[in-house]
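# Chain and residue survey
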Amino acid sequence: MKFAVILLVILIISCVFGSFITQNQTLSWYTEHYSERVAAAIIALHLDDVFHSVWFLVIAGVLCLNLILCNLTRIRPIIDKIRRAGKAPERFEGYLKISGVEDPEDVFEKMHFPKPAADETEDGEKRLFASKNRAGLFGAWICHLGILLLIVGFVLGQLTHREYTVYGVAGETKTVGDTGLFLEINDFQVELRDDDTVSEYRSRITVYSAKDPENRASSEVTVNHPADLYGYRFYQNSTGYAATVKVVKEDALLQENVIAAGEGVRIEEKPMLTVFLQAFYPDLFMTSEGPKTASGKMDNPAYLYSLYYGEDLLGMNVLKEGEEIRVDDYVITFSDPENYTLLQVKKDSFTWMALMGGLIILIGLVLAFYLQQENLAAVREDDGTWTVYGRSGKGSVIFKERLEIAAGKPAESEE
Amino acid sequence: MVFLAIEQYLFTSVLILYVVTMLLYVLYMILKKETISRIALIVQIVALVLHTLAIISRGIGAGRLPLTNQYEFATAFAWGLSLVSLIFILKFRFHLLGAFASPVIILIIGYAAMQSKEVKELMPALKSGWLGLHVASAIIAYGAFGVAFVLSLIFLLRDKMKAKGFLDRHIPPAAKLDVISYRSVCLGLLFLSFTIVSGAIWAEQAWGSYWSWDPKETWSLVTWLIYAVYLHLRIFAKWKGKPAAIFATVGFIAVIFTYIGVNTFLPGVHSYK
Ligand code: HEM
């Protein structure tokens, strides 16, 4: 167990490093924020990604191994201990002792013990004995089992899970990574309250497999209510703005694309020319620091665009609804702003194991902490009074007080 | 809105009542009259009742569980500490615990008073029953660790002052203090475990990942591990008494860091900027 404590302390120190050092940055980032030597050390020791580093995994592995060995070797001793605790011992070694008790049954009752079993020793001594909370002796064992399941479930999940993001506006159908699934976005609503704060993001989706397109499953997905479809879990992750870009030349519509804020689109006739939708403002007002939006309502929509020829920036400006960009013979407009939905699609086949682990830890802790194993015995003396013996696994000071109150007499320790 | 106004009056009265509680306990220690400690206990109970009403009226006024921002959590934290300390005072007939717990309660309420009391509508991710359970159990856990911390301080002070006379009669013997402190660490660890599990269930539903090593998560794990080490050292190194008291104090520093420090110094989803 000494080794276990050392492991736990190492784990604590690693976590402290992992939370104080900003994770997943580049060497140059660390050089900027720390000295060069420290930055090099951070990279060399994988302190830039503590929780996914090999050494962290090794610590977790050793911890698991330790837990397995500890729990295996402890099964027999615990069972023996539970057996022993259920039987009255020959001598009450290590017990507390109160002599001269008139009514021992009353003490058992006041101590909330079950009705004691009566027996007689070979020399005709009358004895009463009861034990309680023997299940509590399993508490630590169960807790450790839970920790083991939790760690194993978590690590297996990390190693095997699959995760994709899909985004789009209502009406679009997207593929879900390499899963062979299609995701149709039927509807997406950003529900606002009167004070303009968001109360819910709500997507309606239909999912089907490429192999069996007729077999479709639909569901609603909101922020705290993911949907389980085709073995994957679909989460409402976030949202952003999208708009339709139209490119017109001599009154003929050349192309029409829906792009999200941050994305760009190439003019197909002239691939060197790209227009980006840098940002979208549903309710534009200009400030000295640049464009801002007054609310989330589409009251005064405006588009911040940029136009590139190859690497060269041709222009960047804010465009209101109905205004257009003219470049060469092309007329570019933005219209139909809407919210796109970003869904996260995930499959982690070991979440249940980690969850079970968590629940088992809770059960183990309740047993270990709140079912203190206790024994109570009484032996009849020659003068007709009884001597009461009591023992508690932990918290013996408090047990002693309770026993003294129940018996109405001070207790002493039996050698 | 009327409920929010009521809450503000109640909050102020509660703060005053806790100060009165503390002063009464100080008076008790000076005058050594049992009646004063009884009055102090009653004042603390009244404070807790009003405190409960304050939290309920904020809940009604805001139309939701009032456990979502730094102010609400701070006042609930003080409430949890007050509740757990009262339970331990009554259960172990240890009145002077109140004398040591009330300054900590006042500090936390004082911290609450400095936070923005504005009622904000919840972002969708925060609308979850699991989140309610998560925060409610965190309050009990923090309250219990707070009591363990206060008990450890008393233990260390008792050691240092070689308590005589009045203090010796009214502070339980060292062995008992140690066990009460251990009991409250147990209570705290159980509820911290539930806090972490319910938080993970919520995170899975809201963010699609039940554990993402965000600093708040990492620090709750650090706190959990520190108290786990405490338990093991008690068993195998017989680290009871003084070293255990020092350890429980370190644990509580980790609790406070998880609660305030992480939001202040480290970035993460829990800071809701
Ligand atoms: C490699 C890691 C660990 C090893 C080898 C280990 C070993 C042990 C051993 C031998 C005991 C005494 C068993 C008994 O009294 O029946 C114990 C008790 C306990 N352990 Fe662990 N342990 C480890 C990690 C943990 C962790 C991370 C926790 C988290 C909370 C934990 C929780 C407990 C609890 C609650 C008890 C009972 C303490 C009490 O009743 O006071 N253990 N451990």
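Residues numbered from 1 in each chain as written. Chains lettered and ligands numbered in written order. Predicted model: local features only at pLDDT ≥ 70, side-chain atom pairs only at ≥ 80, totals over all residues. Heavy atoms only, no water.

Attention now goes to the site of the ligand. Near the ligand there are 21 residues, and of these Arg74, His144 and Lys394 of chain A together with Tyr182 and His232 of chain B occur at the shortest range. A distance of 2.7 Å is found between a nitrogen atom of the ligand and a side-chain nitrogen or oxygen belonging to His232 of chain B. Put simply, the parts of the chain that give the shell around the ligand at least two residues each are helix H1 (2-20), helix H4 (54-86), helix H6 (139-160) and helix H7 (351-370) of chain A together with helix H8 (215-236) of chain B. Split into classes, the residues belonging to the shell around the ligand amount to 16 nonpolar, 3 polar and 2 charged. (Near = heavy atom within 4 Å. Polar contact = N/O pair within 3.5 Å; in protein donor to acceptor, adjacent residues only side chain to side chain. Helix = DSSP H or I, 4+ residues; strand = E, 2+ residues; numbered from the N terminus. Nonpolar A, V, L, I, M, F, W, Y, C, P; charged D, E, K, R; others polar.)

Moving on, we get to the pattern of salt bridges. Within this structure, the stated rule accounts for 25 salt bridges over all chains. Among the salt bridges present, the one from Arg162 of chain A reaches Asp178 of chain A, with a minimum N-O distance of 3.4 Å. Of this pair, Arg162 of chain A sits in strand E4 (residues 162-168) while Asp178 of chain A sits in the loop between strand E5 (173-176) and strand E6 (181-192), and the two are 16 residues apart along the sequence. Among the residues examined, Arg162 of chain A registers a relative accessible area of 34% and is labelled partly exposed. Linking Arg234 of chain B and Asp178 of chain B is a salt bridge whose minimum nitrogen-to-oxygen distance equals 3.0 Å. Of this pair, Arg234 of chain B sits in helix H8 while Asp178 of chain B sits in helix H7 (residues 174-207), and the two are 56 residues apart along the sequence. A relative accessible area of 9% places Asp178 of chain B in the buried class. (Salt bridge = Lys/Arg side-chain N within 4 Å of Asp/Glu carboxyl O. Buried < 20%, exposed > 50% of the residue type's maximum accessible area, 1.4 Å probe, protein only.)

Here the focus is the side chain of Glu200 of chain A. Residue position: Glu200 of chain A is located in strand E7 (residues 198-209). For the buried Glu200 of chain A, which has no salt bridge, the nearest side chain bearing the opposite charge is Lys127 of chain B, at an N-O separation of 4.5 Å. In terms of polar contacts, Glu200 of chain A uses its side chain to reach the backbone amide nitrogen of Val223 of chain A, at 3.4 Å. Leave out the neighbours within four places in its chain, and Glu200 of chain A touches Gln189, Val190, Glu191, Thr222 and Val223 of chain A together with Pro124 and Lys127 of chain B. (Lys, Arg positive; Asp, Glu negative; His and termini not counted. Contact = heavy atoms within 4.5 Å.)

Right, let's talk about a negative patch on the surface for a bit. Residues Glu90, Glu102, Asp103, Glu109, Glu122, Asp123, Glu125, Glu381, Asp382 and Asp383 of chain A make up a contiguous surface patch of negative charge. Mapped onto the elements of the fold, Glu102 of chain A is located in the loop between strand E1 (96-101) and helix H5 (104-110). (Patch = residues over 30% accessible without salt bridge, like charges linked within 9 Å, V, L, I, M, F, W, Y side chains within 5 Å. Areas by Shrake-Rupley, 256 points an atom, 1.4 Å probe, with all protein chains shown as cover. Charge placed at Lys NZ, Arg CZ, Asp CG, Glu CD.)

Moving on, we come to the domain arrangement of chain B. Residues and elements named next belong to chain B. What the domain assignment lists for chain B is domain 1 (1-121) and domain 2 (124-273). With centres defined by C-alpha atoms, the gap from domain 1 to domain 2 works out at 19 Å. The interface of domain 1 with domain 2 comprises 27 residues on the first partner and 32 residues on the second. Summing the contributions of domain 1 and of domain 2, the shared interface buries around 2,600 Å²; its carbon and sulfur component is 85%. In this assembly, domain 1 and domain 2 are joined by 1 residue pair in polar contact (both at pLDDT 80 or more). Counting only elements with at least two residues in the side of domain 1 that touches domain 2, the list comes to helix H1 (2-31), helix H3 (70-91) and helix H4 (96-113). With 13 residues, H3 is the largest single contributor of residues to the side of domain 1 that touches domain 2. Classifying every residue of the side of domain 1 that touches domain 2 by side-chain character gives 21 nonpolar, 3 polar and 3 charged. (Domains from an automatic or database assignment. Buried area = accessible area lost by both parts, 1.4 Å probe.)

This next bit is on the coordination of the iron atom of the ligand. Each pair of donors in an ideal four-coordinate tetrahedral metal site encloses 109.5 degrees, whereas pairs in an ideal six-coordinate octahedral site enclose 90 or 180 degrees. In the first shell of the iron atom of the ligand, the protein supplies His144 of chain A (NE2) and His232 of chain B (NE2), at 1.9 Å from the metal. Taken together, the 6 donor atoms coordinating the iron atom of the ligand and their angles of 86 to 178 degrees define a geometry best described as octahedral. Here His144 of chain A is found in helix H6, whereas its partner His232 of chain B is found in helix H8 on a different chain. (Donors = N, O, S within 2.8 Å, 3.2 Å for Na, K, Ca; no water. Tetrahedral: all angles 85-135°; square planar, octahedral: opposite > 155°, others 65-115°.)

Let us look at the sheet that holds strand E13 (residues 273-281) of chain A. Residue and element names in this part refer to chain A. Pairing is antiparallel across the open sheet formed by 4 strands, whose spatial order is E12-E13-E16-E17. The outermost strands of the open sheet, each flanked by one partner alone, are strand E12 (264-266) and strand E17 (312-320). Each strand of the sheet is rotated relative to its neighbour by a mean of 20 degrees, with strand direction disregarded. Pairing geometry for E12 and E13, over 3 bridges, is antiparallel. Directly across from Gly264, in E13, lies its bridge partner Phe276. (Pairing = 2+ DSSP bridges. Axes fitted to C-alpha atoms, helices over the stretch in contact; angles between N-to-C directions.)

It is worth spelling out the interface of chain B and chain A at this point. Contacts between the two partners involve 51 residues from chain B and, on the opposite side, 50 residues from chain A. Of the roughly 4,300 Å² buried at the junction of chain B and chain A (both faces included), carbon and sulfur atoms supply 72%. Across the contact surface, chain B and chain A share 2 salt bridges. Among the salt bridges present, the one from Arg233 of chain A reaches Glu204 of chain B, with a minimum N-O distance of 2.7 Å. Scanning the region where chain B abuts chain A turns up 10 residue pairs in polar contact (both at pLDDT 80 or more). Elements represented by at least two residues in the side of chain B that touches chain A include exactly H7 and H8 of chain B. Here the side of chain B that touches chain A gets 19 residues from one element, more than from any other, and that element is H7 of chain B.

In this section: the sheet that holds E7 of chain A. All names here are of chain A. If you walk across this open sheet you meet the 4 strands as E5-E6-E7-E8, and the pairing is antiparallel. Each edge of the open sheet carries a strand with a single partner, namely E5 and strand E8 (216-222). Adjacent strand axes in the sheet meet at a mean angle of 30 degrees when their direction is disregarded. As paired strands, E7 and E8 are joined by 7 bridges and run antiparallel to one another. Note that in E8 the partner of Arg202 across the bridge is Thr222.

The next thing to look at is the nonpolar core. Ranked by internal contacts, the top residues of the largest apolar core, which has 133 residues, are Phe94, Leu97 and Trp224 of chain B. Broken down by element, this core gets its largest block of residues, 16 residues, from H7 of chain B. Not counting residues within four places of it along the chain, the set of residues in contact with Leu97 of chain B comprises Ser85, Phe88, Ile89, Val147, Val150, Leu151 and Ile154 of chain B. By size, the runner-up hydrophobic cluster in this structure holds 19 residues, among which are Phe280, Leu307, Ile325 and Ile332 of chain A. (Core = buried A, V, L, I, M, F, W, Y, C linked by side-chain atoms within 4.5 Å.)

With that out of the way, let us pick up the environment of Ala254 of chain B. Residue and element names in this part refer to chain B. Within the secondary structure layout, Ala254 lies in helix H9 (residues 242-265). On the accessibility criterion, Ala254 (4% relative accessible area) is buried. Separated by 30 residues in sequence, Ala254 and Trp224 place their C-alpha atoms 9.3 Å apart.

So, about the packing of H1 of chain A against H4 of chain A. All names here are of chain A. Close contact between H1 and H4 brings their axes to 10 Å; oriented N to C, the two are set at 155 degrees. Accordingly, the angle class assigned to the pair H1 and H4 is roughly antiparallel. In this structure, H1 crosses over H4, and the sense of that crossing is left-handed. Only Trp55, Phe56, Ile59, Val62, Leu63 and Asn66 of H4 make contact with H1, whose side of the interface consists of Phe3, Ala4, Leu7, Leu8, Ile10, Leu11 and Ser14. Of the residues in the contact of H1 with H4, the class split is 11 nonpolar, 2 polar and no charged. (Parallel < 35°, antiparallel > 145°, perpendicular 65-115°, else oblique. Left-handed = near helix turned anticlockwise from the far one by under 90°.)

What follows deals with the environment of Tyr111 of chain B. Residues and elements named next belong to chain B. Tracing the backbone shows Tyr111 in helix H4. For the pair Tyr111 and Gln70, spaced 41 residues apart in the sequence, the C-alpha separation amounts to 9.5 Å. When neighbours within four sequence positions are excluded, Tyr111 is seen to be in contact with Gln70, Ala74, Tyr259 and Ile260.

Residue and element names in this part refer to chain B. On the surface, Val2, Phe3, Ile6, Ile45, Val49, Leu53, Ile56 and Ile60 cluster together into a nonpolar patch covering about 660 Å² of accessible area. Looking at the nonpolar patch, the elements that each hand over two or more residues are H1 and helix H2 (34-62). Sorting elements by how many residues they give to the nonpolar patch places H2 first, with 5 residues. Take Ile60: its relative accessible area is 47%, and that puts it in the partly exposed class.

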